[in-house]
Amino acid sequence: MKTLRFLVGAVAAVLLLAVISACDKVKNDYGVVVLQKKLVQIVVSGYDDNVYNFHYDKDGKLFFVTGDENNVIAVYDWSKNRIGEARANNDGGYRVNSLNDNMVTRIDMEGGHFEFTYEAGRLKKENTQLEYEERFRKRKVSASYEYEWKGDKLLNRKASFGGKNTYKYDGEDCNGFMPPIFSGERDFLKWVHPELFGIRTSEMPDTFMTTNNNGVTYSYLYKYYDDGYVMEATALFYVDDSYYAQTYTFIWE
């Protein structure tokens with residue numbers, strides 16, 4: 001078992017933490033990296049409890065996702081420039097991921113959309129527009145986020161409303177990849193195929209600082225398999241005068 005490392009971060013910020021080996025860039029016709037182990041299961045325990053099982057087609061593309069009782073919770077339909085995503089029980093409804101040069105440039109869903117722009121293969125900017133109903137009135141919310149990279153290291157994520165996330169590094173990296181699971185959103189496509197969103201990197205942030213309204217700080221403790229793939233990530237955070245922990249366990253094949 002490798003030495004455990006602590007990492008300070010925030011849930012919204014680690015949305016972008018997608019740690020993989022940068023040296024292996026072989027992709028199939030859909031832009032999916034194929035010469036690495038596949039993530040087949042995430043077990044979540046602690047503050048929240050869930051199990052997610054990932055199933056792939058013969059080309060290594062995410063096909064469907066099942067829960068702890070093997071109930072199907074998401075199904076994917078791939079074409080060259082489009083990935084459809086159907087969620088069970090109206091969990092997010094139906095999403096359409098539009099691609100250009102094997103990168104997702106737009107996500108359309110009920111109630112809004114997301115747009116992504118890239119620079120040198122890295123996520124550069126994200127624009128969000130969502131519509132929701134409040135007190136029988138429809139309201140729209142728009143925001144944008146800019147990402148600053150130095151090579152394979154994500155340095156900053158700046159929000160149009162003033163929030164900022166800053167990453168720092170101590171030279172640690174890993175094999176395989178670590179899905180961006182800490183956002184609290186069940187974005188399965190990003191979890192297993194971060195290359196489609198320009199967030200694949202082997203660099204692991206050592207600390208993460210956030211400037212926003214709540215100011216919550218998250219510390220992360222990691223364990224690794226003998227081959228360098230991430231085995232476990234535990235998030236430690238302090239909310240409303242109490243400490244909480246949530247652990248993510250990863251199974252690879």
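Residues numbered from 1 in each chain as written. Predicted model: local features only at pLDDT ≥ 70, side-chain atom pairs only at ≥ 80, totals over all residues. Heavy atoms only, no water.

## Topic: the pattern of salt bridges
Applying the stated rule across the entire model yields 12 salt bridges. One salt bridge connects Asp 77 with Arg 82, and the closest N-O pair in it is separated by 3.7 Å. For Asp 77, a relative accessible area of 45% puts it in the partly exposed group. Across the pair Arg 200 and Glu 195 runs a salt bridge whose closest N-O atoms are separated by 2.5 Å. Of the two residues, Arg 200 and Glu 195, both sit in the buried class. Salt bridges sharing common partners tie together Asp 57, Lys 58, Asp 59 and Lys 61. (Salt bridge = Lys/Arg side-chain N within 4 Å of Asp/Glu carboxyl O. Buried < 20%, exposed > 50% of the residue type's maximum accessible area, 1.4 Å probe, protein only.)

## Focus: the pairing of strand E19 (residues 242-252)
For strand E3 (residues 39-46) and E19, the ladder comprises 7 bridges, and the chain directions are antiparallel. What sits directly across from Val 43, in E19, is Thr 249. Looking at chain direction, strand E18 (residues 230-239) and E19 are connected through 8 bridges and run antiparallel. Considered in E19, the bridge of Phe 237 is made with Tyr 244. The hairpin turn running from E18 into E19, its antiparallel successor, is 2 residues long, and Asp 240 in that turn takes a positive phi close to 50°. (Pairing = 2+ DSSP bridges. Helix = DSSP H or I, 4+ residues; strand = E, 2+ residues; numbered from the N terminus.)

## A closer look at the nonpolar core
Nonpolar side chains tend toward joint burial in soluble globular proteins. In this structure, Leu 39, Ile 42, Phe 54, Val 65, Tyr 76, Phe 188 and Phe 250 are the most contacted members of the largest nonpolar core, which totals 53 residues. Sequence-distant contacts of Val 65, defined by excluding residues within four places in its chain, comprise Tyr 52, Asn 53, Phe 54, His 55, Asn 71, Val 72, Ile 73, Ala 74, Tyr 76 and Phe 188. (Core = buried A, V, L, I, M, F, W, Y, C linked by side-chain atoms within 4.5 Å. Contact = heavy atoms within 4.5 Å.)

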